[in-house]
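Working through the structure, step by step
The residues making up each chain are set out below.
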Amino acid sequence: MNWVELQWDWKVAGSLFKTYWTKLTDEDLERIDGRRDKMAAALQRRYDYGEKEAEEAICSFEKDVRFPGAVK
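Residues numbered from 1 in each chain as written. Predicted model: local features only at pLDDT ≥ 70, side-chain atom pairs only at ≥ 80, totals over all residues. Heavy atoms only, no water.

**As for the layout of surface pockets**
- Here the largest pocket is characterised by a volume of approximately 160 Å³.
- If you go around the largest pocket, the residues you meet are Trp10, Lys11, Gly14, Ser15, Lys18, Asp26, Leu29 and Glu30.
- Those elements that provide at least two residues to the lining of the largest pocket are helix H2 (10–20) and helix H3 (26–32).
- Residue contributions to the lining of the largest pocket peak at five residues, all from H2.
- Here the residues of the lining of the largest pocket are counted per class, giving two nonpolar, two polar and four charged. (1 Å grid on protein atoms, 1.4 Å probe; cavity = no way out; pocket = protein on both sides within 12 Å on 5 of 7 lines; lining within 4 Å. Points joined across faces, edges and corners; volume = space filled by probe spheres on them. Helix = DSSP H or I, 4+ residues; strand = E, 2+ residues; numbered from the N terminus. Nonpolar A, V, L, I, M, F, W, Y, C, P; charged D, E, K, R; others polar.)

Shown next as C-alpha cells:
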C-alpha cells in the first residue's frame, strides 16, 4: 500500500492507522487529513519519534498493511 492509496479513502485508512498506532486519536486523523508530513508530526508527538523514526514507521506501515480485501 502506498500513501496515494491511503489518501483515496482516508476514512478507511484512519481506522487502519488506529489499529497500528493506538495512541492516534480521531482528532489527530482529522488534522492529518491525508498529509504525510502531518502524519509524521503526529507520530513524533504521540510516540516521541524523531523525524527519521516517524518516516521509517510510515514506510513500514505502507509495506506491511493492506486495505481489507486487497490483493498483494
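The discussion continues.
**Digging into the environment of Lys52**
- With respect to the secondary-structure elements, Lys52 resides in helix H5 (residues 51–64).
- Each C-alpha atom, one on Lys52 and one on Leu24, is 19 Å from the other, the two residues being 28 residues apart in sequence.

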